[in-house]
Amino acid sequence: MDVATPTSDLVVIGLGYVGLPLAHQATRAGLTVTGLEASPAVAAGLNAGRSHVDDLDSADIAEMVEGGFTATTDASVIADTRSVVICVPTPLSEEGGPDLGAVAAAGRAIAAHLAPGTLVVLESTTYPGTTEEVLRPLLEESGLVAGSDFHLAFSPERIDPGNATFGVANTPKVVGGMTERCGEAAAALYRRFVDTVVQARGTREAEMAKLLENTYRHVNIALVNEMAIFCQELGVDLWDSIACAATKPFGFQAFYPGPGVGGHCIPIDPNYLSYKVKTLGYPFRFVELAQEINARMPSYVLQRALELLNDSGLALSRSRVLLLGVTYKPDIADQRESPARPVARKLAEKGATLTYHDPHVEEWSLNGHTLPRATDLEQAMAEADLTILLTDHSAYTPKLLTEHARLLLDTRGVLRRLPAGAVHEDGHTTAPIAREGAVVL
Ligand SMILES: NC(=O)c1ccc[n+]([C@@H]2O[C@H](COP(=O)([O-])OP(=O)(O)OC[C@H]3O[C@@H](n4cnc5c(N)ncnc54)[C@H](O)[C@@H]3O)[C@@H](O)[C@H]2O)c1
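What you are looking at is a predicted structure, and each value in this text was computed from that prediction instead of being measured.

**A closer look at helix H2 (residues 40–47)**
- Of all the positions in H2, only Ala43, Gly45 and Leu46 are classed as buried. Along H2, the residues classed as buried sweep out an arc of 165° about the axis, all on the same side. For H2, exposure combined with an orientation more than 90 degrees from the buried face picks out Pro40 and Ala41.
- Contacts from the buried residues of H2 go to helix H1 (19–28), helix H3 (58–66) and strand S3 (70–72).
- Backbone geometry just after H2 places glycine 49 at a positive phi near 90°.

**What to know about the pattern of salt bridges**
- Scanning the model with the defined rule gives 17 salt bridges in all.
- Close ionic contact of arginine 28 with glutamate 63 constitutes a salt bridge, the shortest N to O distance being 3.4 Å. Of this pair, arginine 28 sits in helix H1 while glutamate 63 sits in helix H3; the two residues are 35 residues apart in sequence, bridging distant segments of the chain.
- Put simply, arginine 204 and glutamate 133 hold a salt bridge, and the shortest N to O gap is 3.2 Å.

**Points about the site of the ligand**
- Taken together, 25 residues lie around the ligand, and Val18, Glu37, Thr90, Thr125 and His264 are the ones closest in.
- Here a nitrogen atom of the ligand sits 3.1 Å away from a polar atom, N or O, in the main chain of alanine 38.
- Taking threonine 125, its main chain carries an N or O atom lying 2.9 Å from an oxygen atom of the ligand.
- Protein burial of the ligand: of its 830 Å² of free accessible surface, 86% is covered by the chains.
- Ranked by the residues each element gives to the shell around the ligand, the list is headed by helix H4 (residues 101–113), at 3 residues.
- Grouping the constituent residues of the shell around the ligand by class yields 15 nonpolar, 6 polar and 4 charged.

**Observations concerning the packing of aromatic side chains**
- This model, assessed by the stated rule, comprises 6 aromatic pairs.
- Arranged with centres 5.7 Å apart and planes meeting at 75°, the rings of tyrosine 216 and phenylalanine 255 form a pair that is edge-to-face. One end of the pair, tyrosine 216, is in helix H7 (residues 203–234); the other, phenylalanine 255, is in the loop between helix H8 (238–245) and helix H9 (269–278), and 39 residues separate them in sequence.
- On the basis of relative accessibility, which here comes to 40%, the residue tyrosine 216 falls in the partly exposed class.
- Measuring from ring centre to ring centre gives 5.8 Å for tyrosine 356 and tryptophan 364, while their planes differ by 55°; the resulting arrangement is tilted. Tryptophan 364 shares its class with tyrosine 356; the two are buried.
- Aromatic ring contacts, followed pair by pair, group Tyr127, Tyr272 and Tyr275 into a single cluster.
- Across from the ring centre of tyrosine 190, 4.9 Å away, lies the NZ or CZ of lysine 173, which sits over that ring.

Calculation criteria
- Residues numbered from 1 in each chain as written.
- Predicted model: local features only at pLDDT ≥ 70, side-chain atom pairs only at ≥ 80, totals over all residues.
- Heavy atoms only, no water.
- Buried < 20%, exposed > 50% of the residue type's maximum accessible area, 1.4 Å probe, protein only.
- Helix = DSSP H or I, 4+ residues; strand = E, 2+ residues; numbered from the N terminus.
- Arc of directions from axis to C-beta.
- Contact = heavy atoms within 4.5 Å.
- Salt bridge = Lys/Arg side-chain N within 4 Å of Asp/Glu carboxyl O.
- Near = heavy atom within 4 Å.
- Polar contact = N/O pair within 3.5 Å; in protein donor to acceptor, adjacent residues only side chain to side chain.
- Areas by Shrake-Rupley, 256 points an atom, 1.4 Å probe, with all protein chains shown as cover.
- Nonpolar A, V, L, I, M, F, W, Y, C, P; charged D, E, K, R; others polar.
- Phe/Tyr/Trp six-rings, centres within 6.5 Å; stacked < 30°, edge-to-face > 60°.
- Lys NZ or Arg CZ within 6 Å of the ring centre and 35° of its normal.

And the structure:
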């Protein structure tokens, strides 16, 4: 390959939850990194040292800028780099299928500036075949041929927003190249700032690895959600059963029931896989079943809320309901696909008067109306007829909840779950609920 003299090591396209931490880690490791962003506001904010994602604060951005990182909206930076990593969104289209619009736009932008010898890696989650069937032809519009004039690979992003233990550097990175040499080139890039790099046989295997990880979670969450519903009717304490099963040191991983699945990955990625399977003429039944069960959980939360109020002689239509936590997972601000929204909508449809509390969300609207935000948590719980815990932010401790909520529906098992390996003073692996009027999903 004819390699020019690039001025940067890496261009990261798309500076969101995935691209920004990647650019941060690469810059820290001493690479010269440029961020290419479609949003001028995001690019300008970063250049001014402001972060817009949970896992990095402004000090991290300042450190990046000091380390030579710059953000731009000008795609010509691609002409002068050794490698390009694409981290743009892959949402669902209105029909529920893959929307690869941003990937295609990034591919065209790269093709317009692609220099021989460049490595191009796709990180956005997508169905198997995308790198070679969708991205490759777009890149080859440059006149260069993948595998001989430039390297092409897929490497799934595994970022877990809010995870204080595992980040870009210490989460093993899977890479799959279009050819052996493409895979080697991608592995060599990531080895510069990730501790462990794992080579897949090809791009499709790497694409499937990501979908397998997320489908596994999706299906197992659906399993415990379905069990939660019938265990309640059977009079079985599922939280205790899960905690007991989790003491098995092999062959079992604990998943917990909840109000539904949220975030950018679990509710969306399996659709990419079922879309691909459908092209074969049959459905991916596990995914469709899991989707059906998980999508029904907000209705189950509504049912439990109605029952809890009814047992106290109250009607939902005349009740004040406080929602605790509206993000899709604890201790972050990301609200994408949060099940709090369908739960709130169902409660509002039944006439409940809603208030919410979330330390990470200053404004939250439903059907175009801003919901009142409680700032004094203890007072808000004392005033609400019913408090529903939807996201287990660490601020919501069992003590606080049981002391202040009049009626409490805990959809995350905060009142029951003990830290891994802990045993309650009564010798059990779950904590008992020590008061009337508090229930767990
Ligand atoms: N957020 C997660 O937890 C997570 C985890 C694993 C994988 N992923 C996957 O990573 C990909 C990116 O997700 P994200 O959460 O970082 O998205 P995001 O919305 O946080 O960020 C994407 C960024 O890309 C920019 N962008 C869009 N089109 C662009 C273009 N053509 N050129 C340049 N910039 C463009 C957007 O303005 C935005 O800033 C998705 O495929 C997602 O499924 C996300």
